[in-house]
Amino acid sequence: MKKLSLSVCFCWAVLLLGNPAHADDLPKTTHDGLMLLEDSKVRGAYVKPGATLAPYNRLVLLDCYVAFAKDWQKEHNREVVGLSQRVTDEDMARIKERMAAEFKKIFTEELETEGGYEIVDGVAPDVLILRPAIINLSPVAPDVGAAGWSHTLVTSVGQMALFLELYDGPTGDIIARIVDPQTGDRGGMAMEANRATNKRETDRILRRWADLLRKALDEMHEKTHQ
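Residues numbered from 1 in each chain as written. Predicted model: local features only at pLDDT ≥ 70, side-chain atom pairs only at ≥ 80, totals over all residues. Heavy atoms only, no water.

1. Observations regarding the overall build of the protein chain
Looking only at helices and strands, the protein chain features four helices and 10 strands. Helices and strands in the protein chain line up, N terminus first, as α-β-β-β-β-α-α-β-β-β-β-β-β-α. The burial tally for the protein chain puts 44% of its 226 residues in the buried class. In the protein chain, the share of contacts with a sequence separation of at least 24, taken over all contacts with a separation of at least 6, comes to 74%. About 12,100 Å² of surface is accessible on the protein chain, with carbon and sulfur atoms providing 54% of the total. (Helix = DSSP H or I, 4+ residues; strand = E, 2+ residues; numbered from the N terminus. Buried < 20%, exposed > 50% of the residue type's maximum accessible area, 1.4 Å probe, protein only. Contact = heavy atoms within 4.5 Å. Areas by Shrake-Rupley, 256 points an atom, 1.4 Å probe, with all protein chains shown as cover.)

2. Things to note about the nonpolar core
Leu-128, Leu-130, Ile-134 and Leu-166 are the most contacted members of the largest nonpolar core, which has 38 residues in total. Considering every element that reaches this core, the biggest residue donor is helix 3 (residues 89-114), with seven residues. Those residues in contact with Ile-134 that sit more than four places away from it in its chain are Cys-64, Tyr-65, Val-66, Ala-67, Met-99, Phe-103, Met-160, Ala-161, Leu-162, Leu-206 and Trp-209. (Core = buried A, V, L, I, M, F, W, Y, C linked by side-chain atoms within 4.5 Å.)

3. Thoughts on the side chain of Thr-30
Topologically, Thr-30 is positioned in the loop between helix 1 (6-18) and strand 1 (35-36). Within polar-contact distance, the side chain of Thr-30 engages the side chain of Asp-32 at 2.4 Å. (Polar contact = N/O pair within 3.5 Å; in protein donor to acceptor, adjacent residues only side chain to side chain.)

4. Digging into the pattern of salt bridges
Across all of its chains, the model carries 17 salt bridges by this definition. The partner of Lys-199 in a salt bridge is Glu-102, and the shortest N-O contact between them spans 3.2 Å. Of this pair, Lys-199 sits in helix 4 (residues 195-224) while Glu-102 sits in helix 3, and the two are 97 residues apart along the sequence. In this structure Lys-199 comes out as partly exposed when scored by relative accessible area, which is 45%. Here the residues in one salt-bridge network are Glu-110, Asp-211, Arg-214, Lys-215 and Asp-218, joined through shared partners. (Salt bridge = Lys/Arg side-chain N within 4 Å of Asp/Glu carboxyl O.)

5. Digging into the environment of Val-66
In this structure, Val-66 sits in strand 4 (residues 65-68). With relative accessibility at 6%, the residue Val-66 sits in the buried group. As a C-alpha pair, Val-66 and Ala-93 span 27 residues in sequence and 9.6 Å in three-dimensional space.

6. What about the packing of aromatic side chains?
Applying the stated rule across the entire model yields two aromatic pairs. Taking 4.9 Å as the distance between ring centres and 20 degrees as the angle between the ring planes, the aromatic pair formed by Phe-68 and Trp-72 counts as stacked. Take Phe-68 and Trp-72: they sit in the same class, and that class is buried. When the ring of Phe-103 is compared with that of Phe-107, the centres are 4.0 Å apart and the planes differ by 15 degrees; the resulting orientation is stacked. On the criterion of helical spacing, the pair formed by Phe-103 and Phe-107 is a turn pair, its members being four residues apart in helix 3. Across this residue pair, the class does not change: Phe-103 and Phe-107 are buried. (Phe/Tyr/Trp six-rings, centres within 6.5 Å; stacked < 30°, edge-to-face > 60°.)

7. Some points on the pairing of strand 3 (residues 58-61)
Inspection of the sheet shows strand 3 paired to strand 5 (residues 118-119) by two bridges, in the parallel sense. By the bridge assignment, Arg-58 is partnered in strand 5 with Glu-118. (Pairing = 2+ DSSP bridges.)

8. Structural notes on the confidence of the model for the protein chain
Interpretation of this model should avoid reading the predicted coordinates in detail wherever pLDDT is low. Here the protein chain averages 83 in pLDDT, and 78% of its residues register 70 or above. The spread of mean pLDDT over the elements of the protein chain runs between helix 1, the lowest at 51, and strand 3, the highest at 97. (pLDDT = per-residue confidence, 0-100.)

Structure, rendered in structure tokens:
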């Protein structure tokens, strides 16, 4: 499968995340010829001209890469009081592992169980390859495994962004690239943040992304049968 390097992809994603939220302010094309999809429900969706999701009934879901926001660990540890709330390298690795596992679980449930799209390991003419990443991960009250049950009042449990690339199974050609930042907040109201609330907000965001992808696949299949 043809792949752009992670450094090129993430540099592109960071630039997109930093732009204003209006589609008119986004670049109309990417360096590899994808075109901006107007009026999408995500921050930025770019598609290959003439491409469609209609031929794909089965999916390969690659492992989700997880990347924290730059200097997040250093900044978090500078602000917390007490060693028990400091984030270690082991905490970072555990959070990444849990996030990747939760991503796979929720996307599999939504696409396979709810959508009826078979998740497979090999490629074929009807197989779409999903290459996901969670980037700019910035939890406000991370689960660091401290003794006891941590309770923190916050206005947001943090933020993260989906970086998803879709590839044609047989050829490996890229079909689409999506970037969508999301924040786990409730309109600026103070709320409690702990292991349970963090997971609930994370799952809500992941299910939103999975639901949007399933609906996009469903819509293309419905059009081909009209």
